[in-house]
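Examining the three-dimensional arrangement
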Amino acid sequence: MTDDSRASERLFRVMERIGRACARAGRDPSGVTLVAVSKFQPPAAVSAMYARGQRLFGESYIQEALPKMEAVTEPDIEWHFIGRLQKNKAKFAVGRFALIHTVDSLELARTLQNRALAAQVVQPVLIQVNIDAEPQKAGVSETDAPALAEAMAGMDRLALGGLMVLPKALDDPEAARPAFSRLRALRDALVARLGRPLPILSMGMSGDLEAAVEEGATHVRVGTDLFGQRKDASDPK
Ligand SMILES: *Cc1c(COP(=O)(O)O)cnc(C)c1O
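Summary of the structure given here. Since we're looking at a predicted model, the values are computed, not measured.

Overview of the packing of aromatic side chains
- On inspection of all chains with the given rule, the structure shows 3 aromatic pairs.
- A ring pair is formed by Phe40 and Tyr61, whose centres lie 5.6 Å apart and whose planes are at 40°; its orientation type is tilted. You can see Phe40 sitting in the loop between β1 (33-37) and α2 (43-51) and its partner Tyr61 sitting in the loop between β2 (56-59) and α3 (62-71), a full 21 residues away along the chain.
- Aromatic side chains Phe81 and Phe97 sit 5.3 Å apart centroid to centroid with 65° between the ring planes, which places their arrangement in the edge-to-face category. Taken together, the residues Phe81 in strand β3 (residues 78-81) and Phe97 in the loop between α4 (90-93) and β4 (99-103) connect sequence positions 16 residues apart.

Structure (structure tokens):
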């Protein structure tokens, strides 16, 4: 198969999986957005997916993303940032990414707020939650999430849209389901507490997108099953 027909086939299969999970859950497929995770993929791979209709791409590393975003010149592309964001890189992310999925500390939120103020933009963001409480993993703890959400709700240059989770990597596609349902429950609790909508749940990847969609994901982040195995095996996620 050529690269192009492979891109078509892969995109079709992922959309089909999302569609079937929606059917099982009685959800409208238009409520689930596919973020094509293009980290470690060259600009040509992004363009090939674009040619098949995909418009939204996710990147994890600022230093890799910026040149790629310059190189891909197709119109109407939307980029999301889904990786760990260091405070000293925040200025490169603000205003360039339509959504930053990974705010996990008050310091980072404040830095983004200040950068967005300086750039005169409002930056859409999500809070990343470390649901499995893994020590080395990014994300705010479930316990600390309400205080962070409250603080961010008061930052006028951040538009807090919801929550993101990257659960423990396990072989069983069903293993992450409890993490997904806990993220949704946490979101519901925050909505009640803040008295404002938090419509976005960013959860589910190549291996477990079905469980995530059944548990209410609005954004699934899929890399491997769209682009094939990444060349760089050192990606820590
Ligand atoms: C790499 C990455 C993904 C995509 O993972 P796949 O298993 O390749 O689909 C999703 N979310 C985040 C945060 C990632 O870093």
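Additional details are given in the paragraphs that follow.
Digging into the site of the ligand
- Looking at the ligand, there are 14 residues lining it, with Lys39, Ser206, Gly223, Thr224 and Arg230 nearest.
- In the environment of the ligand, a nitrogen atom lies 2.8 Å from a nitrogen or oxygen atom belonging to the side chain of Arg221.
- Contact between the ligand and Thr224: an oxygen atom at 2.5 Å from a side-chain N or O atom of the residue.
- Tallied by class, the residues present in the shell around the ligand amount to 6 nonpolar, 4 polar and 4 charged.

Digging into the nonpolar core
- Formed by 67 residues in total, the largest nonpolar core has its most connected members in Phe97, Ile100, Leu112, Ile127, Met152, Val220 and Leu226.
- Here Phe97 is in contact with Ile62, Ala65, Met69, Trp79, His80, Phe81, Phe92 and Gln123, once residues within four sequence places are set aside.

Examining the pattern of salt bridges
- Taken as a whole, this structure holds 16 salt bridges when the rule is applied.
- Residue Asp225 is joined to Arg17 by a salt bridge in which the shortest nitrogen-to-oxygen separation is 2.8 Å. In this pair, Asp225 is assigned in helix α9 (residues 224-227) and Arg17 in helix α1 (residues 3-25), connecting sequence segments 208 residues apart.
- What makes Asp225 partly exposed here is its relative accessible area of 30%.
- On the accessibility criterion, Arg17 (16% relative accessible area) is buried.

Calculation notes
- Residue positions are counted from 1 within each chain, in the order its sequence is given.
- The predicted origin of the model limits local features to residues at a pLDDT of at least 70 and limits the giving and counting of side-chain atom pairs to 80 or more, whereas totals for whole chains, interfaces and linings rest on all residues.
- With hydrogens and water stripped out, all remaining heavy atoms of the structure feed into the side-chain values.
- Two aromatic rings from Phe, Tyr or Trp, using only the six-membered ring of Trp, form a pair when their centres are within 6.5 Å; if the ring planes differ by under 30 degrees the pair is stacked, by over 60 it is edge-to-face, and anything between is tilted.
- Numbering goes from the N terminus for both helices and strands, where a helix is a DSSP run of H or I of at least four residues and a strand is a run of E of at least two.
- By convention in these notes, a residue is near a molecule or strand provided one of its non-hydrogen atoms lies within 4 Å of it.
- The term polar contact refers here to a pair of N or O atoms within 3.5 Å; inside protein, the definition further demands a hydrogen-donor-capable atom paired with an acceptor-capable atom, and it admits residues adjacent in sequence only when both atoms are side-chain atoms.
- Amino acid classes used here: Ala, Val, Leu, Ile, Met, Phe, Trp, Tyr, Cys and Pro are nonpolar; Asp, Glu, Lys and Arg are charged; the rest, including Gly, are polar.
- What we call a nonpolar core is a set of buried Ala, Val, Leu, Ile, Met, Phe, Trp, Tyr and Cys residues that are connected through their side-chain atoms within 4.5 Å.
- When a residue's accessible area, from a 1.4 Å probe over protein chains only, is under 20% of the maximum for its type it is buried; when over 50% it is exposed; and in between it is partly exposed.
- In what follows, residue pairs with any heavy atoms lying within 4.5 Å of each other are defined as contacts.
- A pairing counts as a salt bridge when a side-chain nitrogen of Lys or Arg comes within 4 Å of a carboxyl oxygen of Asp or Glu.

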